[in-house]
Amino acid sequence: MSKNTNSDLINDYIKKQTKISEQTKKTYMQTGKTLSFSITTTQPTIIKKLNQLYENPNTKSLYLNMIILVRRDNDLETDKLINLRNKLRDEIIKLRKDNLSNTKNDLPTYQNIIEKLNELNTIRYILNYLLITYGLRNKDLNLLYVNKLPEKQEDENYLLHNSKNIKLIINDYKTDKSFGSKTIEIKDKKFKEELNKMNIKDNTYLLPKKNGDKLKLNSFNDKVLSLTIDGLGETKIFKILVKHLLDTKNFTKLEQLVESRGTSLSTIMKSYNVYNNGNKSDEKKTDDLKEEIKE
């Protein structure tokens, strides 16, 4: 095999793929550039290097996934790497549960963030309201403000505001390939008042660059984080919301989050349920709640 660089190998692999998103392609390329060893070296060397360089099992798994795909594409052995990836899954589950256990004790209450929400105005109210009420992800909030929807919507998210209503039409989000376009109608009186105060021009992004262009995802994520209540960010706010709905047994609203967030109930219960943390009493509560949801 010719001595191609990691970037060459990854680029060759990407060119053959028709079902992965542009963002995934960019992630692979960025990941490959940070590797300090060749993807084509021996499996024991790769494992040794990954263990030396990265402690977090999620990070190791991210690199392994990409390395395995590229090595397969070049007919190189992957059995030892796959075994390591399988072992990492248990570590990732334990790490997630540890994080959830810590989060459970550190999170403010739902009532607390609602009180703070009602003290906010304009863009901070709008963003936090959408996160708290509909469990949206950051990417969903990268909205183009319009008075009328274009005929061809492309991969864009819209905040439609006219004399009749306010709607979100979300086409570009993490799981859009599985859940399709999402439409959310907003009737909150304060939301409308705060939106009107902003005097946004038609066909303008809600959170634009200084020149009016659309922010790239990483910059947008940083911007949203800085505007969330107490700097909590989207993930912690969603965990607070899920905990509140489980505590109050509001399973109808929990089911609605499946639609508005664009995710499965099993994912919500596994990854955002702070009671799913390895604590026996908490996990018994989770099991009991799952049974009630089924009913």
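First, a word on scope: everything that follows refers to the structure included in this document.

Definitions and cut-offs
Here the residue numbers are simple positions, counted from 1 along each chain's written sequence. It should be noted that, the model being predicted, local features are given only for residues of pLDDT at least 70 and side-chain atom pairs only at 80 or more, the latter also being counted only at that level, while totals for whole chains, interfaces and linings use all residues. Hydrogens and waters are ignored; side-chain quantities use all the structure's heavy atoms. Helix and strand definitions here come from DSSP, where helices need a minimum of 4 consecutive H or I residues and strands a minimum of 2 consecutive E residues; each element is numbered from the N-terminal end. In a helix, the anticipated span is given by 1.5 Å times the number of residues less one. Note on exposure labels: buried denotes an accessible area under 20% of the residue type's maximum, exposed denotes more than 50%, and partly exposed covers the range between, all computed with a 1.4 Å probe on protein chains only. Following DSSP output, two strands are said to pair if at least two bridges run between them. For the purposes of this section, nonpolar cores are sets of buried Ala, Val, Leu, Ile, Met, Phe, Trp, Tyr and Cys residues that join through side-chain atoms within 4.5 Å. Any two residues having at least one pair of non-hydrogen atoms within 4.5 Å are treated as being in contact. A side-chain nitrogen of Lys or Arg and a carboxyl oxygen of Asp or Glu constitute a salt bridge if their distance falls within 4 Å. Side-chain rings of Phe, Tyr and Trp, where Trp is taken by its six-membered ring, are said to pair if the distance between their centres is within 6.5 Å; with planes under 30 degrees apart they count as stacked, over 60 as edge-to-face, and otherwise as tilted. Definition used: whenever NZ (Lys) or CZ (Arg) falls within 6 Å of the ring centre and also within 35 degrees of the ring normal, the charge is taken to sit over that ring.

**Some words on helix 11 (residues 233–247)**
With 15 residues, helix 11 should cover 21 Å at 1.5 Å per step; its first-to-last C-alpha distance of 21 Å lies within 8% of that length. When you tally the buried positions in helix 11, you get 11 out of 15 residues, the bulk of the element. Here helix 11 has its buried residues at Gly233, Glu234, Ile237, Phe238, Lys239, Ile240, Leu241, Val242, His244, Leu245 and Leu246. Looking at the residues trailing helix 11, positive phi occurs at Lys249, about 55°.

**Comments concerning the pairing of strand 4 (residues 182–186)**
Judged by which residues are buried, strand 4 turns out to be one-sided: Lys182, Ile184 and Ile186 face inward and are buried, whereas Thr183 and Glu185, on the alternate face, are not. In this sheet, strand 4 lies alongside strand 3 (residues 166–170) in antiparallel orientation, the contact comprising 5 bridges. Bridge pairing in strand 4 links Lys167 to Glu185.

**What about the nonpolar core?**
Generally speaking, soluble globular proteins have nonpolar side chains that are buried together. Counting residues in each nonpolar core, the largest one holds 37 residues, and the members touching the most others are Leu130, Leu168, Ile186 and Phe191. For this core, the secondary-structure elements that each account for two or more residues are helix 6 (110–117), helix 7 (122–134), strand 1 (143–146), strand 3, strand 4, helix 9 (189–198), helix 10 (217–227) and helix 11. Counting residues per element, this core draws most heavily on helix 7, which supplies 9 residues. Dropping the residues within four chain positions of it, Leu168 is found in contact with Leu130, Leu136, Leu143, Tyr158, Leu159, Lys182, Thr183, Ile184 and Ile186. Counting 21 residues, the second-largest nonpolar core is a separate cluster that includes Tyr13, Tyr28, Tyr54 and Leu84.

**Some thoughts on the pattern of salt bridges**
This model, assessed by the stated rule, comprises 9 salt bridges. Between Glu194 and Lys197 there is a salt bridge, with its nearest N and O atoms 3.1 Å apart. Of this pair, Glu194 and Lys197 both sit in helix 9, 3 residues apart, which is roughly one turn of the helix. Using a relative accessible area of 3% as the deciding quantity, one classes Glu194 as buried. Among the salt bridges present, the one from Glu234 reaches Arg261, with a minimum N-O distance of 2.9 Å. Taken together, the residues span a long stretch of sequence, with Glu234 in helix 11 and Arg261 in helix 12 (residues 251–262) at a distance of 27 residues. Judged by relative accessible area, Glu234 falls into the buried class, the value being 14%.

**Brief notes about the packing of aromatic side chains**
Any two aromatic rings considered together are summarised by their centre-to-centre distance and by the angle between their planes. Applying the stated criterion across every chain, the model contains 6 aromatic pairs. A connected cluster of aromatic rings, assembled from ring pairs, spans Tyr125, Tyr129, Tyr134 and Phe191. The lysine or arginine in question, Arg261, covers the ring of Phe238, its NZ or CZ lying 4.0 Å from the ring centre. Over the face of the ring belonging to Tyr272 we find Arg261, whose NZ or CZ atom lies 4.8 Å from the ring centre.

**Comments concerning unusual backbone geometry**
Not every positive phi belongs to a glycine, and Asp75 is a case in point at roughly 55°. Its location among the elements puts Asp75 in the loop between helix 4 (57–73) and helix 5 (79–106). Phi at Asp230 is positive, roughly 55°, even though this residue is not glycine. Along the polypeptide, Asp230 turns up in the loop between helix 10 and helix 11.

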